[in-house]
Amino acid sequence: MQNHFGGLGVPEWNPLLPRRAAAGRGRRPGAGAPLGDWDGMGGDGARMTRGRKFGADELQLMLLALLHERPGHGYEFIKELEARSNGFYSPSPGMVYPALTYLEELGYATVEVHGNRKLYHLAEPGRLYLEANRDRADLLFASLKHAARKIAWMKQAWSNDTDPGTIGVGGWLPEFVEARRAMKTALLRRTDATPDEQRRIAVILKRATSEILNEGATPSTQA
């Protein structure tokens with residue numbers, strides 16, 4: 001199989017995208033009604049349904065990241081993703097094994113066969129692809145961590161029969177939750193903002209993002 005790499009040894013395109021149908025068909029990623037917006041996130045942060053959460057290319061990228069940590073068998077990766085998401089995301093064998101096979105076909109993973117079991121290892125081309133997409137992979141795992149914390153938060157709410165906004169499970173203080181909810185509401189109220197107003201909001205959001213991430217940089221343009 002031909003590899004598609006640029007002069008720097010980093011893939012120029014995303015070969016994982018065409019495989020989307022091979023690792024599971026169905027609704028678009030994240031389709032379905034959320035269990036609620038108590039965490040103030042909305043959008044991807046509120047995708048709490050069971051079923052398909054990620055596209056095939058996203059699953060393949062997460063598998064590369066797990067392979068970077070250690071070699072493993074397909075069922076181990078299923079359990080690992082389930083554990084990291086507190087049960088929110090448990091891809092079926094029918095999605096994981098075709099994804100691993102495709103990574104092998106690309107040369108991104110190698111396989112040791114022991115009887116009926118296959119032990120997968122990360123190959124150098126896979127490491128390069130992961131390196132080029134590390135930010136995206138980290139964001140996917142951050143989504144799993146958020147889902148895990150939200151599930152724990154909601155379980156406590158249900159068991160206590162109380163408003164989730166009044167409890168701070170996993171470090172989510174009520175004021176933190178309320179601030180995120182307020183930000184979402186504010187942006188929704190400005191959905192029909194003029195171009196000038198959108199620019200003003202963009203400056204505010206960039207400055208806030210920089211401060212949240214402790215980057216210390218502020219936009220040159222003032223609101």
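Everything quoted here is computed from the prediction, not taken from an experiment.

Asker: Could you clarify how one ought to interpret the pairing of strand β2 (residues 117–122) in this entry?
Answerer: Note on strand geometry: in a regular strand, side chains alternate between the two faces of the sheet. Pairing of strand β1 (residues 109–114) with β2, which is carried by six bridges, proceeds in the antiparallel orientation. Paired with Val 111 across the bridge in β2 is Tyr 120. Once β1 ends, the chain turns through two residues before running back antiparallel as β2, passing Gly 115 with a positive phi of about 65°.

Asker: Sorry, what's going on with the pattern of salt bridges here?
Answerer: Where charged atoms from two side chains of opposite charge approach closely, those side chains can pair. Under the criterion given, the structure shown has 12 salt bridges. Close ionic contact of Arg 181 with Glu 178 constitutes a salt bridge, the shortest N to O distance being 2.7 Å. Placement of both Arg 181 and Glu 178 in helix α6 (residues 174–189) is noted, with a separation of three residues, approximately one turn of the helix. Here Arg 181 falls in the partly exposed class, since its relative accessible area comes to 26%. Between Glu 197 and Arg 200 there is a salt bridge, with the nearest N and O atoms lying 2.8 Å from each other. Taken together, the residues span about one helical turn, with Glu 197 and Arg 200 both in helix α7 (residues 195–212) at a distance of three residues.

Asker: Which parts of the structure should I look at to understand helix α2 (residues 74–84)?
Answerer: In an α-helix, one turn spans 3.6 residues, which is why side chains three or four residues apart end up on the same side. When we look at burial in α2, the residues that qualify are Gly 74, Phe 77, Ile 78 and Leu 81. Buried residues in α2, looked at end-on, bunch into an arc of 105°, giving them a common side. Facing away from the buried side of α2 by more than 90 degrees, the exposed set consists of Lys 79 and Ala 83. Remark: Asn 86 follows α2 within two positions and exhibits a positive phi of approximately 60°.

Asker: I tried to follow the nonpolar core on my own but got confused; where do I start?
Answerer: Here is a general trend for soluble globular proteins: nonpolar side chains tend to be buried in one another's company. Of all hydrophobic cores here, the largest spans 32 residues; its most connected members are Leu 59, Met 62, Leu 63, Leu 81 and Tyr 89. Those elements giving two or more residues to this core turn out to be α1 (56–69), α2, α3 (93–106), α4 (124–132) and α5 (134–160). Looking at which element gives the most residues to this core, the answer is α1, with eight residues. Each residue touching Tyr 89, except ones within four places of it in the same chain, is listed here: Lys 53, Phe 54, Leu 59, Met 62, Leu 81, Glu 82 and Leu 144.

Asker: Can you walk me through α7 in this structure?
Answerer: Compared with the 26 Å implied by 1.5 Å per residue over 18 residues, the 25 Å span of α7 between its first and last C-alpha is a close match. Contact partners of the buried residues in α7: α6. Directly after α7, the chain includes Asn 214, whose backbone phi takes a positive value near 60°.

Asker: Whenever I open this one, the side chain of His 73 confuses me. Can you help?
Answerer: Note on placement: His 73 falls in the loop between α1 and α2. With a relative accessible area of 13%, His 73 lands in the buried category. Look past the residues within four positions of His 73 in its chain and what remains in contact with it is Arg 117, Lys 118 and Leu 119.

Asker: How should the confidence of the model for the chain be read in this particular structure?
Answerer: Reading fine detail from the predicted coordinates is not recommended where pLDDT is low. When pLDDT is averaged along the chain, the result is 74, and 65% of the positions lie at 70 or above. In the model of the chain, α5 stands out as the element of lowest mean pLDDT, 82, in contrast to α4, which has the highest, 97. Across residues 18–51 the pLDDT falls below 50, and counting only partners more than four positions away or on other chains, this stretch makes 83 contacts in the model. The low-confidence segment residues 217–223 (pLDDT under 50) makes 13 contacts with residues lying over four places distant or belonging to another chain.

Asker: Honestly, the packing of α2 against α3 in this entry has me stumped. Any pointers?
Answerer: Any two packed helices are characterised by the angle at which their axes cross and by the distance between the axes. Viewed as axis vectors pointing N to C, α2 and α3 meet at an angle of 120°, and their least axial separation amounts to 10 Å. Regarding the angle of α2 to α3, the classification is oblique. Note that α2 runs across α3; the crossing there is right-handed. Counting all contacts with α2, which are made through Gly 74, Tyr 75, Phe 77 and Ile 78, the residues of α3 involved are Pro 93, Val 96, Tyr 97 and Leu 100. Classifying every residue of the contact of α2 with α3 by side-chain character gives seven nonpolar, one polar and no charged.

Criteria and thresholds
- Residues numbered from 1 in each chain as written.
- Predicted model: local features only at pLDDT ≥ 70, side-chain atom pairs only at ≥ 80, totals over all residues.
- Heavy atoms only, no water.
- Pairing = 2+ DSSP bridges.
- Helix = DSSP H or I, 4+ residues; strand = E, 2+ residues; numbered from the N terminus.
- Salt bridge = Lys/Arg side-chain N within 4 Å of Asp/Glu carboxyl O.
- Buried < 20%, exposed > 50% of the residue type's maximum accessible area, 1.4 Å probe, protein only.
- Arc of directions from axis to C-beta.
- Core = buried A, V, L, I, M, F, W, Y, C linked by side-chain atoms within 4.5 Å.
- Contact = heavy atoms within 4.5 Å.
- Expected span 1.5 Å × (residues − 1).
- pLDDT = per-residue confidence, 0-100.
- Axes fitted to C-alpha atoms, helices over the stretch in contact; angles between N-to-C directions.
- Parallel < 35°, antiparallel > 145°, perpendicular 65-115°, else oblique.
- Left-handed = near helix turned anticlockwise from the far one by under 90°.
- Nonpolar A, V, L, I, M, F, W, Y, C, P; charged D, E, K, R; others polar.

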